[in-house]
Amino acid sequence: MLLTIATTHQPATELGYLLHKHPERCQTFPMGFGEAHVFYPEASHERCAATLLLDVDSVGLVRGKSSHRSRGRTHERTFDQYVNDRPYVASSFLSVTLAKVFGTALSGRCKSHPELANTAIPLEVSIPVLPCRGGEDFLRSLFEPLGYSVTSQTSPLDDTFPDWGNSQYLNITLSNTIRLSELLSHLYVLIPVLDEDKHYWFGEDEIEKLLRHGEGWLKAHPAREPITRRYLKRKREMAETALAQLMEGEDPDAAAEAAAEGWQKLAAKKPVSLNQQRMALVADVLVQAGAKRVIDLGCGEGSLIKELLQNRSFEKITGMDVSYRELEKAKRRLKYELGPMQQQHRVDLIQGSLIYKDDRLRGYDAATVIEVIEHMDLDRLAAFERVLFEFAQPPVVIVTTPNAEFNICFPALQPGSLRHQDHRFEWSRQAFQDWAKGVCDRTGYTVTFQGIGYNHPDFGTPTQLGLFKKATAHTQNKPSETVQKRDF
Ligand code: SAH
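Residues numbered from 1 in each chain as written. Predicted model: local features only at pLDDT ≥ 70, side-chain atom pairs only at ≥ 80, totals over all residues. Heavy atoms only, no water.

Novice: Explain the packing of helix 8 (residues 180–195) against helix 10 (residues 224–231) here, please?
Specialist: When two helices pack together, you describe them by how their axes are tilted relative to each other and by the distance separating the axes. Contact geometry of helix 8 with helix 10 gives a least axis separation of 9 Å together with a crossing angle of 75°. Judged on the interaxial angle alone, helix 10 and helix 8 are roughly perpendicular. Residue-level inspection shows Tyr 188, Val 189, Leu 190, Pro 192, Val 193 and Leu 194 of helix 8 in contact with helix 10, the latter providing Ile 227, Arg 230 and Tyr 231. Each residue belonging to the contact of helix 8 with helix 10 can be placed in one class, and the counts come to eight nonpolar, no polar and one charged. (Axes fitted to C-alpha atoms, helices over the stretch in contact; angles between N-to-C directions. Helix = DSSP H or I, 4+ residues; strand = E, 2+ residues; numbered from the N terminus. Parallel < 35°, antiparallel > 145°, perpendicular 65-115°, else oblique. Contact = heavy atoms within 4.5 Å. Nonpolar A, V, L, I, M, F, W, Y, C, P; charged D, E, K, R; others polar.)

Right under this line is the structure:
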């Protein structure tokens, strides 16, 4: 496996001082699992590149004592212990090698050029075969918030058999103007996170290593939770301990929310809360559906109403809630927006319950039910379904609800507990989709699904959205069609 670090900082050959490896020499280092070689394919005044070639001894790994992988299961030695991707891909072997071969550079020390070691210089890293569970999006979510430009390419599994599709490995280049020690610590932590298969035995000092090499960047990283969990190989207790240390002194709820908000917002340099994202997406979906008259059911303090008021295409917005207190808060919040007379005519706030038939719910182009169903007892959902989908029957209904699978990414939540004390349940993606499909089968709507917020490769997004449309006359007799709009 190969990793090349190049710079155009001039004189570029000073990279040799930073790495403590002479550009004119090829050096070899014995590793427990094979050998590492460092050489410079390019060493000019303008550009200098150092390559680390790691030659993993896959047979030795299985037979010898150097591997901890087969510990306790020697009786199970199988073909795939000999024939696997480990010798060829960038993995935690590479991290261990980086720490050994470039240890001084990783620690930021350089006796001969201390200033250079402390200076951000243009650096480019290329790794031709990087296993990346979670794909390119996940790769970007790790490196872009740290200021890297990321390019990546996939290649076919076998050129002769294009039908086999692409391999799961990426050929990547990362560029950044950064101190070399920072770059090495990013690689040390993030390469095994991408690979998610640590080769060495897992000990308590893993937490210490993660915190040490993550110092100065991991705490503020928007993907710090998936990074920590994956680095610690999903050992929940360890991950909680590490996250607790990372978050010391922070409000855990705010921190969890901030982390879940994802890297996109960081890239956009403007933090957007999950709630803002939710409101913005719902408004977009309503605009696309051409809705002009909208009723927001369970409107709470009126966040969505506030959002919709910004857009003149919404002619009438009614908020309904069972709680008088919430409606009073909504009134106070909307006071400023409702200043001019014509705005006041656009908004109505009414008190009512979603489980009783109500004529006031009829006549709208769309109804929104944002983070409300989980506040109702499960045995009330059938009544809610009849009230909304059978009686009021708006052409468009948007329902959002938490995705319970994502809860594992909130360190402040105990396993199995709910996000809010008033929640009666929280559904997995499957459970929500099953319910929505059932509604469609019974009421002649169709539904599509989307996620809202940071999309974790395994657990999906924190919020899930179902967009229901009333089947028109010519589609009414068809069985309900449930479409998965995008994987989330
Ligand atoms: N949609 C708002 C508020 C969500 S909180 C937002 O996203 O910001 C859930 C709201 O649903 C609360 O305001 C609660 O009073 C309301 N609610 C719960 N059960 C209800 C019911 N049966 N009928 C109407 N509103 C209900």
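Novice: Explain the pattern of salt bridges here, please?
Specialist: If the charged atoms of two oppositely charged side chains come close together, the side chains can form a pair. Taken as a whole and assessed by the stated rule, the structure comprises 17 salt bridges. With its nearest N and O atoms 3.9 Å apart, the salt bridge here joins Arg 47 to Glu 124. Taken together, the positions of Arg 47 in the loop between strand 3 (34–43) and strand 4 (48–56) and Glu 124 in strand 5 (residues 121–131) put the pair 77 residues apart, joining distant regions of the chain. Two residues, Arg 424 and Asp 422, come together in a salt bridge whose shortest N-O distance is 3.0 Å. We classify Arg 424 as partly exposed; its relative accessible area is 40%. (Salt bridge = Lys/Arg side-chain N within 4 Å of Asp/Glu carboxyl O. Buried < 20%, exposed > 50% of the residue type's maximum accessible area, 1.4 Å probe, protein only.)

Novice: What's the story with the site of the ligand in this structure? I'm lost.
Specialist: With respect to spatial proximity, 16 residues lie near the ligand, and among them Gly 298, Asp 321, Val 322, Leu 354 and Ile 370 are the closest. A distance of 3.0 Å separates a nitrogen atom of the ligand from a polar atom in the backbone of Leu 354. Here a nitrogen atom of the ligand sits 2.8 Å away from a polar atom, N or O, in the main chain of Ile 370. The protein chains hide 83% of the 570 Å² of surface that the ligand would expose on its own. Its residues assigned to classes, the shell around the ligand shows six nonpolar, seven polar and three charged. (Near = heavy atom within 4 Å. Polar contact = N/O pair within 3.5 Å; in protein donor to acceptor, adjacent residues only side chain to side chain. Areas by Shrake-Rupley, 256 points an atom, 1.4 Å probe, with all protein chains shown as cover.)

Novice: Would you take a moment to explain the nonpolar core for this structure?
Specialist: Inside soluble globular proteins, nonpolar side chains tend to come together where they are buried. Phe 143 and Leu 183 are the most contacted members of the largest nonpolar core, which has 69 residues in total. For this core, the domains that each give at least three residues are domain 1 (2–61 + 78–200) and domain 2 (254–477). Excluding residues that lie within four positions of it along the chain, Phe 143 makes contacts with Tyr 148, Val 150, Leu 174, His 186, Leu 187, Leu 190 and Leu 194. Residues Val 372, Ile 373, Val 387 and Val 447 belong to the second largest nonpolar core, which totals 33 residues. (Core = buried A, V, L, I, M, F, W, Y, C linked by side-chain atoms within 4.5 Å. Domains from an automatic or database assignment.)

Novice: Please explain the packing of aromatic side chains as it appears in this structure.
Specialist: The geometry of an aromatic ring pair is captured by the separation of the ring centres together with the interplanar angle, meaning the angle of the planes. In total, this model carries eleven aromatic pairs according to the counting rule given. Here Phe 389 and Tyr 445 contribute two aromatic rings whose centre-to-centre distance is 5.0 Å and whose plane-to-plane angle is 85°, an arrangement assigned as edge-to-face. Of the two residues, Phe 389 is situated in helix 18 (residues 381–392) and Tyr 445 in strand 13 (residues 445–452); the sequence distance between them amounts to 56 residues. Judged by relative accessible area, which is 1%, Phe 389 ranks as buried. Exposure remark for Tyr 445: the relative accessible area of 1% places this residue in the buried category. Considering the side-chain rings of Phe 432 and Phe 449, the 5.7 Å spacing of their centres and the 70° angle between planes classify their relative orientation as edge-to-face. Of this pair, Phe 432 sits in helix 19 (residues 429–443) while Phe 449 is found in strand 13, placing the two residues 17 residues apart along the sequence. A cation over a ring is seen here: Arg 293 above Tyr 364, with NZ or CZ 5.3 Å from the ring centre. Sitting above the plane of the Phe 391 ring, Arg 362 keeps its charged end 4.3 Å from the centroid. (Phe/Tyr/Trp six-rings, centres within 6.5 Å; stacked < 30°, edge-to-face > 60°. Lys NZ or Arg CZ within 6 Å of the ring centre and 35° of its normal.)

Novice: Looking at this model, I keep getting lost on a nonpolar patch on the surface. Mind explaining?
Specialist: Where nonpolar side chains cluster on the molecular surface, the patch consists of Leu 157, Phe 161 and Trp 164 and spans about 340 Å² of accessible area. With a relative accessible area of 40%, Phe 161 lands in the partly exposed category. (Patch = residues over 30% accessible without salt bridge, like charges linked within 9 Å, V, L, I, M, F, W, Y side chains within 5 Å.)

Novice: How should the packing of helix 4 (residues 92–101) against helix 8 be read in this particular structure?
Specialist: Helix 8 packs onto helix 4 with a crossing angle of 165° between their chain directions and a minimal axis gap of 8 Å. As the angle between them shows, helix 4 and helix 8 are arranged roughly antiparallel. In this structure, the crossing between helix 4 and helix 8 has a hand that is left-handed. Note on element contacts: helix 8 touches helix 4 through Leu 184, Leu 187, Tyr 188, Ile 191, Pro 192 and Asp 195, opposite Ser 92, Leu 94, Ser 95, Leu 98 and Ala 99. Of the residues in the contact of helix 4 with helix 8, the class split is eight nonpolar, two polar and one charged. (Left-handed = near helix turned anticlockwise from the far one by under 90°.)

Novice: Quick question: what am I supposed to make of the pairing of strand 1 (residues 2–7) here?
Specialist: On a regular strand, each side chain points to the face opposite its neighbour's, so the side chains alternate between the two faces of the sheet. Counted residue by residue, strand 1 has five buried out of six residues, so it is predominantly covered. In terms of strand pairing, strand 1 meets strand 4 through six bridges, oriented antiparallel. Along strand 4, the bridge assignment pairs Thr 4 with Thr 51. The pairing of strand 1 with strand 5 spans four bridges and is classified as antiparallel. Opposite Thr 7, over in strand 5, you have Leu 123 as the bridge partner. (Pairing = 2+ DSSP bridges.)

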